[in-house]
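Observations on chain architecture
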Amino acid sequence: MGENLAYSPPIAGNYQISVVVQNSFGCIDTAGVFCLGVDTTVTIVVSTETPCGCDSTLSFSLVNTTNEFDFIYVEMKDCEETFTLCVDNEATYDLVANNGITIYNAIVNGVVMYPGGFAPFLIGDNGLCCFAYADSSFVKILSPITYTSDVVWDGKYYIDDYVIVTVASGAVLDITNVDVVFGECAGIVFQDSSYLRSTNSVYRPCNIDKTWKGLRFTGIGEFDNIINECTFKNAEVALYFQKGTDAVISNNLFSNCNYGVRIEDNYNYNHPISGNRFVTEQFFPDFACDSIYTFVNNLSTYGIYTTSSWLIEQVSHNEFINTWGTDFPRTYGIHQYNGGGLFSENTFTDQSYSILLSSALFPTNIENNRIEVNEPALFSNASIYITNSVNPVIDIYNNQIANNTNQYNSFAAIYASNSANISMVKNTIDGFNYGIIGVLARNFQISDNEINDCSITGIYFYSAKTPAQNFITCNTISMRNYNNTRGLLTINISPSSVVTNNCITDCYTCMDFRSFNANNPLPLIRNNFLYNYNYVGINVWGHSGNIGAVNDPGMNTLYSNDNSSVDINSTTNITVADNFGMFNISWPQVQITSNNPYHSTASCAHQIFNMPSQGNLDINYTCDHFTSILDPLKGSDGEYTLMENYEDILQESPDQFNMANLILSSVDKPDIELLNNIFGLTELTANEKALLAFNFHYGFENLVEARYNLMMFMPVDSDEADYKLLRFLDMDVKEQGWDVLTDHDIHQLEIIRNKESYNSNRAVSILNNTSTYRDYYEETIDLPEVEKSGQIKHIGENESYLNIYPNPASNTVFVELINNNAATGKLELYDVSGKLVTEYDQNIVAGGIELDIQKLNDGFYFLTLTNQESGFIQIGKLVKSSNQ
């Protein structure tokens, strides 16, 4: 009972021990099977308390009861040194200082030992090894093995530390209903057209806190891999696909894997990834294998990661969950670099980034996903984050993105930087500091989105310098409060852009248009409904142009909850015409050319005043502009073809280079003939032709031609030189893998990253495949002050409304004139339905007009007096009653 049995094996390793017990009657029983790990080394950490004097010789002895072993160490350069010593696997050792040297602190295998009476320590037993090693029901693979013919695993398998199982020569490994346990740094590799069939199996490490390599697939197989309803725990990369390999991946659980699914260099990944669950849990392991993949670290984790790959089939109905909180790692649901795909019906909970697209190469659809940010996630920049994607069409449609601001106020729902050809339509956004952000944006459609409860800005849009038409239309925006909030803020938006049919309520300033470019006209601002603002309705800074013109009514409704608010404010000279509610305007910068009170007919609008029918509904103010940003392509759902007149459209484009890029990256199966035809149709520079040809051949993985054309590109500034370097590094990695990056390359990438230029995030995408992690950059957004004009002109009720008396009346009424408007005025009477009843000839009597109303039926009427020179309109109410 309680007896200690000595066991001293001659070498280090794992041992399985059976204990057989026999009593005095000859009965024999096996007490158990035990697994013992034996280590014949000891690690000693020696340190001093003194910061000086570490450049000295340190000498000590390791002594046991029968033998003395002197180990003399010199040149202790740091104040802490670690030594690993081979020792006899028996007896008890003491650590003894020699030559009068004081060892202030010594740690031996985690035990702190002190000079002048060191505690003894025992060498040999480092604890139990993997449970699966001791379990006889497991089939054990203790050394590397290669299968070259079909193999079926059944039951339970254990793969020892650092052991790699290789499947080669077209063989299939069938792992169905199997419990597979891996030692540290162990894994399975499928190569040379071999493949996996796996259903309802578990892949896990020996220890809940340990990790393993994962399953790696390299080289295109004759058949496709199928992984269905399996569980993967604590893998470096659970499923790693390289060089064209792919799989059907459905209904699996990926728990605490550094990468759940990683796909490299496959522009035709034609199988769905659906129904899977990717979970980052609180018991996140330490990925510390000494043969770890270069891109695996403890600072970031990814559900699905792809580089240089196009996911043609749907990535759908997957679930991405982060329960880790505010500590590392960063959590990414879906991350793509140089890719494209269709991402639909997925759910994301508390991710740092739910979907991140960097440098998209192919059309991408992000649609019908649900994203929620309930609790703090470390550095949650944006739920949908797009950067450096200037070529293909990206469609962000009908996603629900919610942020519980009572728990945590996240930065932005959708963020797009240095990108083009993006459609954001019918997304529902609740919470966040910013709803939608576009920075250095070109050829955008932001339309028919519902944005609620943002604390800073609903839509922030900063235009790129290149000429482009952008559409911000039909959005419904309701801000959280009036503390310097903006419904819409634009910077340098192009005059060809369109801002129509938006409904913006409950904010400090509803619309704020700013330009740092001289003589930049305003975009088309029409038919917007702006309500319940407490400072400014529409603010203009630095723009010229108009908000409505004669025969082109503004039709914007402006109605404040504060009589001191300015409806239209401007720092520069603009003209306005035919908007409803222009009571306070900055003067003389804002000039009214026509003041017919035409109100917004946007479908989300709720007109305040029961005005007569204005009879000027403009059906051109629509909400769908996808064909405009797609021009000259046609199609949907990521499948696009050329319009019949694409040549004419391309030739007439003010930005032929970017339109050509759109065509070549979005059209289905472009060929060299199309590239050459584009060269013949356009007036591109030599540099633009070189970049077009580079992108074309890079997309087809013809790296020889791609390198040649990139060499022909001659940078004109440091940013273009950085871009060229980054693209060469892209090709190096595609050809030789991530290990090709040298220390010099990494240093150059860090320099580009720190410039905070449009190349920085591309550099981050490459750097994050090395052993450390960097956050992506977001544009610093400065919210400029809205300054009211020093002089505000008030168009009060006594100016805009007619004084009619007596009222009610039966026979005649007197209309009092203000500012002699009757001289060139038109007097009209409307019934309550808005129907014109009659026009009156003016009969000026003592500063007013006398009207005969005897022939009118009893009822309620509107009387309008319009100055035909200025367009200024006055309105009055009249009640006809025969009983008066």
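First things first, this report covers the structure right here in the doc. A quick note: this is a predicted structure, and the numbers were derived from the prediction, not measured.

1. Observations concerning the overall build of the protein
- Looking only at helices and strands, the protein has 11 helices and 69 strands in total.
- Buried positions account for 55% of the 884 residues belonging to the protein.
- Summarising the internal contacts of the protein: among those between residues at least 6 apart in sequence, 63% fall at separations of at least 24.
- Total accessible area computed for the protein in this model is approximately 37,100 Å², and 48% of it derives from carbon and sulfur atoms.

2. Observations regarding helix α4 (residues 656-666)
- Most of α4 sits out of view: 11 of its 11 residues are buried.
- Of the positions making up α4, those classed as buried are Gln 656, Phe 657, Asn 658, Met 659, Ala 660, Asn 661, Leu 662, Ile 663, Leu 664, Ser 665 and Ser 666.

3. What about empty space enclosed by the protein?
- Per the stated rule, a full pass over the model turns up three cavities of 30 Å³ or more.
- The volume enclosed by the second largest cavity comes to roughly 100 Å³.
- Along its surface, the second largest cavity is lined by 15 residues, and Phe 278, Thr 280, Thr 301, Tyr 302 and Gly 303 are the ones closest to its centre.
- Of all the secondary-structure elements, those providing two or more residues to the lining of the second largest cavity are β28 (277-280), β29 (300-316), β30 (319-322) and β31 (330-344).

4. Digging into the layout of surface pockets
- One number sums up the size of the largest pocket: a volume of about 1,300 Å³.
- If you go around the largest pocket, you meet 47 residues; those closest to its centre are Val 390, Asn 418, Thr 466, Asn 658 and Tyr 758.
- For the lining of the largest pocket, the secondary structure elements donating two or more residues are β42 (434-447), β44 (457-463), α4, α6 (686-699) and α8 (718-736).
- Residues that form the lining of the largest pocket fall into these classes: 18 nonpolar, 19 polar and 10 charged.
- By volume, the second largest pocket amounts to about 740 Å³.
- Lining the second largest pocket we find 30 residues, and of these Trp 310, Phe 362, Pro 363, Val 667 and Lys 669 sit closest to its centre.
- At the level of secondary structure, the elements contributing two or more residues to the lining of the second largest pocket comprise β26 (259-269), β29, β31, α4 and α6.
- It is α6 that contributes the most residues to the lining of the second largest pocket, five residues altogether.
- Considering only residue class, the lining of the second largest pocket consists of 15 nonpolar, 10 polar and five charged.

5. Quick look at the pattern of salt bridges
- Throughout the structure, instances matching the rule amount to 22 salt bridges.
- Between Asp 775 and Arg 330 there is a salt bridge; the shortest N-O distance is 2.3 Å. Within this pair, whereas Asp 775 is found in the loop between α10 (760-767) and β62 (792-794), its partner Arg 330 is found in strand β31, the two being separated by 445 residues in sequence.
- A residue is classified by how much of its surface remains accessible, and Arg 330, at 6% relative accessible area, is buried.

6. Topic: the pairing of strand β14 (residues 151-159)
- Bridging between strand β12 (residues 139-141) and β14 involves three bridges; their strand directions are parallel. Within β14, the position partnered with Lys 140 by the bridge is Tyr 158.
- Examined bridge by bridge, β14 and strand β16 (residues 172-182) share eight bridges and lie parallel to one another. In the sheet register, Tyr 157 faces β16, and the bridge partner there is Val 180.

7. A few points about the nonpolar core
- Trp 153, Ile 188 and Phe 232 are the most contacted members of the largest nonpolar core, which totals 98 residues.
- Sequence-distant contacts of Trp 153, that is, excluding residues within four places in its chain, are made with Ile 141, Tyr 147, Ile 159, Val 165, Leu 173, Asp 174, Ile 175, Thr 176, Val 178, Val 180 and Ile 188.

8. Digging into the sheet that holds strand β54 (residues 546-547)
- Read across the open sheet, the three strands follow the order β54-β57-β59; overall the sheet is parallel. What marks the edges here is a single partner per strand, and that holds for β54 and β59 (590-594).

9. Brief notes about the state of the cysteines
- Evaluation of the coordinates by the stated rule reveals four disulfides.
- Residue Cys 503 pairs covalently with Cys 604 via a disulfide, S to S 2.0 Å. A torsion of 95 degrees about the S-S bond marks the disulfide between Cys 503 and Cys 604 as right-handed. Of this pair, Cys 503 sits in strand β49 (residues 503-514) while Cys 604 sits in the loop between β59 and α2 (626-630), and the two are 101 residues apart along the sequence. Across this residue pair, the class does not change: Cys 503 and Cys 604 are buried.
- With no disulfide partner, Cys 510 has as its closest neighbouring cysteine sulfur the one in Cys 507, 3.1 Å distant.

10. Quick notes on the packing of aromatic side chains
- One pass over the full model with this rule turns up 42 aromatic pairs.
- Ring plane angle 70 degrees and centroid distance 6.3 Å describe the contact between Tyr 353 and Tyr 776, whose orientation is recorded as edge-to-face. Of this pair, Tyr 353 sits in strand β33 (residues 353-358) while Tyr 776 sits in the loop between α10 and β62, and the two are 423 residues apart along the sequence. Both residues of the pair, Tyr 353 and Tyr 776, count as buried.
- Sitting over the ring of Phe 679, Lys 689 keeps its end group 5.8 Å from the ring centre.
- Seen from the ring of Tyr 698, Arg 727 lies directly overhead, with NZ or CZ sitting 4.8 Å from the centre.

11. Side note on the pairing of strand β60 (residues 633-636)
- Bridge count for β60 against strand β61 (residues 639-642) is four bridges, and the pairing is antiparallel. Within the sheet, the bridge partner assigned to Leu 633 lies in β61 and is Leu 642.
- Following β60, the chain reverses through two residues before pairing antiparallel with β61; Asp 637 in that reversal takes a positive phi of roughly 55 degrees.

Cut-offs used in this document
- Residues numbered from 1 in each chain as written.
- Predicted model: local features only at pLDDT ≥ 70, side-chain atom pairs only at ≥ 80, totals over all residues.
- Heavy atoms only, no water.
- Helix = DSSP H or I, 4+ residues; strand = E, 2+ residues; numbered from the N terminus.
- Buried < 20%, exposed > 50% of the residue type's maximum accessible area, 1.4 Å probe, protein only.
- Contact = heavy atoms within 4.5 Å.
- Areas by Shrake-Rupley, 256 points an atom, 1.4 Å probe, with all protein chains shown as cover.
- 1 Å grid on protein atoms, 1.4 Å probe; cavity = no way out; pocket = protein on both sides within 12 Å on 5 of 7 lines; lining within 4 Å.
- Points joined across faces, edges and corners; volume = space filled by probe spheres on them.
- Nonpolar A, V, L, I, M, F, W, Y, C, P; charged D, E, K, R; others polar.
- Salt bridge = Lys/Arg side-chain N within 4 Å of Asp/Glu carboxyl O.
- Pairing = 2+ DSSP bridges.
- Core = buried A, V, L, I, M, F, W, Y, C linked by side-chain atoms within 4.5 Å.
- Disulfide = S-S within 2.5 Å.
- Phe/Tyr/Trp six-rings, centres within 6.5 Å; stacked < 30°, edge-to-face > 60°.
- Lys NZ or Arg CZ within 6 Å of the ring centre and 35° of its normal.

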